[in-house]
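Observations on chain architecture
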Amino acid sequence: MSARTPSRPHPATTGGVDIRLPWWALALPALAFVALLALILNPSDAHAASGDPAVTHLLERAQQLLAR
């Protein structure tokens, strides 16, 4: 006995996919790219966060010990 193959109720579409992205899906990566590019081109605008003096002292001490 052969089994019947079920037929599709609607034929598959051969057209392209129509997906619309929200505006922020393109704007946010573009904004991040521009911000990072600006930091690379002008690194004087990128300021390091001031840390706790104890942490800074600890890191300097570790650097001195590793330099020996």
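Scroll up for the structure.
Rules of the game
Residues numbered from 1 in each chain as written. Predicted model: local features only at pLDDT ≥ 70, side-chain atom pairs only at ≥ 80, totals over all residues. Heavy atoms only, no water. Patch = residues over 30% accessible without salt bridge, like charges linked within 9 Å, V, L, I, M, F, W, Y side chains within 5 Å. Areas by Shrake-Rupley, 256 points an atom, 1.4 Å probe, with all protein chains shown as cover. Salt bridge = Lys/Arg side-chain N within 4 Å of Asp/Glu carboxyl O. Helix = DSSP H or I, 4+ residues; strand = E, 2+ residues; numbered from the N terminus. Buried < 20%, exposed > 50% of the residue type's maximum accessible area, 1.4 Å probe, protein only. Expected span 1.5 Å × (residues − 1).

1. Side note on a nonpolar patch on the surface
There is a patch of nonpolar side chains on the surface, built from Phe-33, Val-34, Leu-37, Ile-40 and Leu-41 and spanning about 550 Å² of accessible area. Locating Leu-37 in the fold gives a position in helix α1 (residues 23-41). The class of Leu-37 is partly exposed, set by a relative accessible area of 38%.

2. Description of helix α2 (residues 53-67)
Here α2 is 15 residues long and its end C-alpha atoms lie 21 Å apart, about the 21 Å a rise of 1.5 Å per residue gives. Burial of α2 is sparse: only zero of the 15 residues sit out of reach of the surface.

Remember, this is a structural readout, not a statement about activity or role.
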